[in-house]
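The primary structure of each chain is shown beneath.
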Amino acid sequence: MATQNVSEEQLQSQFTYIDAVARLLGDKRPKAYTHTFGCQQNEADTERIRGMLSEMGYEMTDTPDEADFILASEVADAGCIVDNVETLIGIHYAVVEGRPLTERIVTVSGDAVQNPGNYKVLLGTNHRELIEAAGGWKEEPQKLISGGPMMGFAMITLDAPVTKTSSAILAFKEDIVAKSQVSACINCGRCVEVCPSRIIPSRLADYAERHDEEIFVNQNGLECVECGSCSYVCPAKRPLKQAIGSMRKIALANKKKK
Ligand code: SF4
Ligand code: SF4
């Protein structure tokens, strides 16, 4: 991320400006109001800016009406789009060759698979055929996951087609997750530390479990990117990502209806 430091000279000119405005206002400090658009990360940035404004001599207000200066904090536009290679190939097919996406590369992996590897298959291929192409099982798996180990979801059957969003199928001899005992939250804060969206997974999972959609949305549950990091680090083995992810899908669907 590009950063720009404020020079001592620029800071001094701000202090001079604040003093001049304060004199004009009869020794009252000019008031500033901040409004944040976007995600939690942006909230954190706004908080830092508020600290800088206070240091510069601004008095912070709670409403824009009272403010002499209003700052709107928005997500910076990096001027680029980040996509994975498969998406770019799909775009090439559609835009350059004028044909739809009909095939994709699916990773077949896990300790239950005979010949793990990447397989290029037509959309609609049954996952069972994919496993046959990989030489079948070394041992009947206890756990099947569609997608990666962190963001994927459990599959209950192989009789499901590969779709344009299928990236992998993982098959494990043992279902480690099923063996872990879920216990009460011990408020260790690890889920909060690892969350890239800067939300509070422990609380959001509570709201999700209570089906309290309103507070879930108000507490930025929609900012979850379903990375699975919170579930991974939770010593109480709480299925945080699963609870938050399910509530998020419901809330997004309800939002679309409005
Ligand atoms: S799954 Fe959601 S709540 Fe959990 S760490 Fe990732 S972004 Fe945060
Ligand atoms: S990591 Fe688990 S135990 Fe720790 S605060 Fe989060 S939910 Fe609670």
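The notes below deal with the structure included here.

## Describing the site of ligand 2
Close to ligand 2 lie 14 residues; Cys-185, Cys-188, Cys-191, Ser-202 and Cys-234 are nearest. The class makeup of the residues in the shell around ligand 2 is 9 nonpolar, 3 polar and 2 charged.

## Considerations on the sheet that holds strand β8 (residues 168–172)
What the 5 strands build is an open sheet, ordered β5-β4-β8-β6-β7; its pairing is mixed. The two strands at the open ends of the sheet, each matched to only one other strand, are β5 (117–122) and β7 (153–154). Of the strand pairs in this sheet, strand β6 (residues 143–146) and β8 are connected by 4 bridges, and their pairing is antiparallel. What sits directly across from Ile-145, in β8, is Leu-170.

## Quick look at the sheet that holds strand β3 (residues 69–73)
Read from one edge to the other, the open sheet built from 3 strands follows the order β2-β1-β3, with strand pairing classed as parallel. Each end of this open sheet is capped by a strand with a single partner; those strands are β2 (59–60) and β3. Looking at chain direction, strand β1 (residues 31–36) and β2 are connected through 2 bridges and run parallel. Considered in β2, the bridge of Lys-31 is made with Glu-59.

## Here's the deal with the nonpolar core
Note that soluble globular proteins tend to have their nonpolar side chains buried in a common cluster. In this structure, Leu-204, Ala-205, Ala-208, Leu-240, Ala-243 and Ile-244 are the most contacted members of the largest nonpolar core, which totals 15 residues. Among the elements of the structure, α7 (201–209) and α10 (240–257) are those that each provide at least two residues to this core. Filtering out sequence-adjacent residues up to four positions away, Ala-243 remains in contact with Ala-205, Ala-208 and Glu-209. By size, the runner-up hydrophobic cluster in this structure holds 12 residues, among which are Val-106, Ala-112, Ala-134 and Ala-171.

Cut-off values and rules
- Residues numbered from 1 in each chain as written.
- Chains lettered and ligands numbered in written order.
- Predicted model: local features only at pLDDT ≥ 70, side-chain atom pairs only at ≥ 80, totals over all residues.
- Near = placed C-beta within 6 Å.
- Nonpolar A, V, L, I, M, F, W, Y, C, P; charged D, E, K, R; others polar.
- Pairing = 2+ DSSP bridges.
- Helix = DSSP H or I, 4+ residues; strand = E, 2+ residues; numbered from the N terminus.
- Core = buried A, V, L, I, M, F, W, Y, C linked by C-beta atoms within 7 Å.
- Buried ≥ 20, exposed ≤ 12 C-beta atoms within 10 Å, placed from the backbone.
- Contact = placed C-beta atoms within 7 Å.

From the geometry alone we can't say anything about function, so treat these as descriptive.
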